[in-house]
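A structural walkthrough
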Amino acid sequence: MPEMTGMKQDGGQSCNRKQEQLSIVKYYERMLELGCFTLRDVTEMVGKRSAVAYLVNDFQRRGYIDRIHRNRYTVMDAEREEPVLNRYQIGSRLFPDAYVALYSAFEVWGCAPEVGNEVFVATGTRFTDFRYNRVFYRRVHPKADADRTWVAGTLVAGLEQTVVDSLHSFEGTRGLEKIAGCVMRLPQLDGDKLLACLERYGNGYLYQKCGYVLEQLQEYVKLPESFYRECRKHRASTVRYILKGADGLVYHKDWGIYAPPYLDCGQT
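Calculation rules
- Residues numbered from 1 in each chain as written.
- Predicted model: local features only at pLDDT ≥ 70, side-chain atom pairs only at ≥ 80, totals over all residues.
- Heavy atoms only, no water.
- Helix = DSSP H or I, 4+ residues; strand = E, 2+ residues; numbered from the N terminus.
- Buried < 20%, exposed > 50% of the residue type's maximum accessible area, 1.4 Å probe, protein only.
- Contact = heavy atoms within 4.5 Å.
- Areas by Shrake-Rupley, 256 points an atom, 1.4 Å probe, with all protein chains shown as cover.
- Disulfide = S-S within 2.5 Å.
- Pairing = 2+ DSSP bridges.
- Arc of directions from axis to C-beta.

Turning next to the overall build of the chain. Counting secondary structure elements, the chain contains 11 helices and 13 strands. Buried residues in the chain amount to 47% of all 268 residues. Summarising the internal contacts of the chain: among those between residues at least 6 apart in sequence, 58% fall at separations of at least 24. Element-wise, carbon and sulfur atoms account for 45% of the exposed surface of the chain, whose accessible area totals about 14,500 Å².

Here we come to the state of the cysteines. Scanning the entire structure with this criterion turns up 0 disulfides. The closest cysteine sulfur to the non-disulfide-bonded C182 is located on C111, 7.3 Å from its own sulfur.

Put simply, side chains in a regular strand alternate between the two faces of the sheet. With respect to burial, strand β3 (residues 73–77) is a largely interior element, 4 of its 5 residues being buried. Pairing of strand β1 (residues 36–37) with β3 involves 2 bridges; the strand directions are antiparallel. Each residue of the ladder has a partner; that of F37, found in β3, is Y73. Sheet topology places strand β2 (residues 65–67) next to β3; 3 bridges connect them, and they run antiparallel. Counted as the bridge partner of R67 is Y73 from β3. What sits between the antiparallel neighbours β2 and β3 is a turn of 5 residues, in which R70 has the positive phi angle 50°. Sheet analysis places β3 next to strand β4 (residues 82–83), joined by 2 bridges and oriented antiparallel. Residue M76 lies in a different strand from β4, and its bridge partner there is P83.

The mixed open sheet is built from 3 strands, whose spatial order is β11-β13-β12. Edge positions in the open sheet fall to β11 (240–241) and β12 (250–252), since each of these has one partner strand only. Of the pairings in the sheet, the one linking β11 to strand β13 (residues 257–259) comprises 2 bridges and is parallel in character. Looking at the pairing, R240 lines up with I257 of β13.

Let us look at helix α11 (residues 225–234). Every buried residue of α11 is accounted for by F227, Y228 and C231. Viewed along the axis of α11, the buried residues span an arc of 95°, placing them on a single side of the element. Exposed side chains of α11 directed beyond 90 degrees from the buried face belong to R229 and K233. Of the surrounding elements, those touching the buried residues of α11 are α8 (191–201), α9 (204–216) and α10 (218–221).

The analysis is restricted to geometry; functional conclusions fall outside its scope.
What follows is the structure in structure tokens.
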């Protein structure tokens, strides 16, 4: 914790320096506990709305806190001059319902072959994508009843939820290859959890995509045949193209889908 010196009360009257310092430490520790916080949070700490702006400005000037975006602040490590939270921890604390999703979730789980410069934040709160500390924070729509869990101080979509969400929203050949590269690095997937995620979507085309992709990667995922049987049972009856406008697609009869003959996992 940084060394903290006393402040003066409104009107310039000196206050008891020891009591003042204890109060400042208390506010800082509460901010540290929250990780990310708003002016409303500070108001609840201080109890005096008139003192909030002064406290926040003073803490910013001293390098104790930093503004992330609009009415969002985070605690700083004064020695490193960096946030005490990492990019994923910040993303999952931006809003009460926020959690890290899609490719960023693969990064949190340690299964992404490379780390990008963006964090996908699933939240019902609308916000404009913004950049903070060299990282872009991008909003995606959360899935109702999504499976989430805490990993290394980050609220993140569960492994199976991440796989299904990513296969639902990927774009283009590169997007599909990135997912495949992550899936092959995952620990054992739970077939029942995958099916529960698919059921929440209720999308026949998504059953097709998941069935095809995971079967292509069966060497890595080792899912039981019952999982694929259930996917075939619920797949859409119409023939679909997994990659629109792509060359070299072949028809996979079991899945009723035109897709690459095999997946390039991007393994090096």
